[in-house]
Amino acid sequence: MKHYEIAEERVFLPGHAACPGCAMALALRYILNTVGLNAVGVIPPSCMGPMMGANPYSSMRIPIIHNSFESSASTAAGIKRAFKARGKDDVHVLALAGDGGTYDIGLQALSSVAEHNEDIMYFCMDNEGYMNTGTQKSSSTPRHAYTTSTPGGKESRKKNLVEIMAAHRVPYIATTNIGYLDDLVYKIKKAKKMQGTRIVVLLTPCIDGWGFPGNDVATMSRLAVQTGVFPLYEVEDGEKYTINHGSQGMPIENYLKRQRRYRHLSKDQIEEIQKEVDQGWQRLQKLANL
Ligand SMILES: Cc1ncc(C[n+]2csc(CCOP(=O)(O)OP(=O)(O)O)c2C)c(N)n1
Ligand code: SF4
Ligand SMILES: [Mg+2]
């Protein structure tokens, strides 16, 4: 794999309104700078909305449409079709949505877009909760994590979005994060060259919602991979699984203990999480025929 390069075209600019050190802002920088200026973005309500800045200012040098929470995928697909109808086939249309806007309220639109293999790039910025509105749980929030709407810890497991979308047999799905920038840029470049529905899920640790120091986003991103919580992999045509970076057998506790949202955990709960993570990692390896 090639070493990552920062594109010279600066599409995402300094002066955005994210929390200092935000992983989502760093991910956006690499996504937008890699895709380039020949693009249109679709941003539903999420931390990316205020991050862009108040009208008439913008931290992004591409046109952005702020759509409703549930319609990112279908809005992007409609824009792409309109460009095609006008003979402008080369414009990249990007949906940039949070996990609440993807795993929960936007899932119906995304499913329909995937069924029709609409020609868009869909980025899910997964910070495992509704962070923009004060850290409520989403169906991406992991089991036992504290949120303001699960004060005793969430009782159900995190939904597996990649497997749901793989069942739609879309051409490309990938997971990545800013702890592995070469992986992130490689996958965006690969998705950019393809056609049809391409989905990239980025784990974006949230300083405020997870509760860790603002200079730790890269460490948290890497620990999520090294402990097996969030392996980095690709699924092509719903069938071909490739693992790029995965568990290094590091105990889950190394990841959990650094986050305020897990500080109430008992020993049994940590063991339960470890068991689920181990099962998920074994399952993924089977899917990748390893
Ligand atoms: C239909 C609808 N319901 C609720 C809201 C309020 N709302 C705005 S942003 C947001 C949370 C978004 O969470 P997520 O998609 O995970 O993005 P994040 O804030 O974590 O980046 C909510 C609930 C809304 N704008 N529209
Ligand atoms: S609340 Fe979290 S995701 Fe939102 S801007 Fe702050 S650190 Fe980033
Ligand atoms: Mg979120």
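Predicted model only: the values in this text are computed from it and were never measured.

A. Broad picture of the site of ligand 2. Taken together, Cys 19, Cys 22, Met 24, Cys 47, Asn 127, Cys 206 and Ile 207 make up all the residues around ligand 2. Split by residue class, the shell around ligand 2 holds 6 nonpolar, 1 polar and no charged.

B. Layout of the coordination of the magnesium ion (ligand 3). Coordination of the magnesium ion (ligand 3) by the protein comes from Asp 99 (OD), Asn 127 (OD1) and Gly 129 (O), over a distance range of 2.0 to 2.1 Å. Each donor residue of the magnesium ion (ligand 3) belongs to the same chain, and together they define the spacing D-x27-N-x1-G. In this pair, Asp 99 sits in the loop between β3 (92-98) and α4 (100-104) while Gly 129 sits in the loop between β4 (121-126) and α6 (161-166), placing the two residues 30 residues apart along the sequence. Summarising the burial analysis for this pair, Asp 99 and Gly 129 share the class buried.

C. Summary view of helix α5 (residues 107-115). Among the residues of α5, Leu 107, Ala 109, Leu 110, Val 113 and Ala 114 are the ones counted as buried. Burial along α5 is one-sided: seen end-on, the buried residues are contained in an arc of 160 degrees. Exposed and oriented more than 90 degrees from the buried face of α5 are Gln 108 and Glu 115. Turning to α5, the residues buried within the fold contact α3 (72-85), α4, β4, α6 and β6 (198-203). Asn 117 occupies a position one or two residues after α5 and carries a positive phi of about 50 degrees.

Rules and cut-offs
Residues numbered from 1 in each chain as written. Chains lettered and ligands numbered in written order. Predicted model: local features only at pLDDT ≥ 70, side-chain atom pairs only at ≥ 80, totals over all residues. Heavy atoms only, no water. Near = heavy atom within 4 Å. Nonpolar A, V, L, I, M, F, W, Y, C, P; charged D, E, K, R; others polar. Donors = N, O, S within 2.8 Å, 3.2 Å for Na, K, Ca; no water. Helix = DSSP H or I, 4+ residues; strand = E, 2+ residues; numbered from the N terminus. Buried < 20%, exposed > 50% of the residue type's maximum accessible area, 1.4 Å probe, protein only. Arc of directions from axis to C-beta. Contact = heavy atoms within 4.5 Å.

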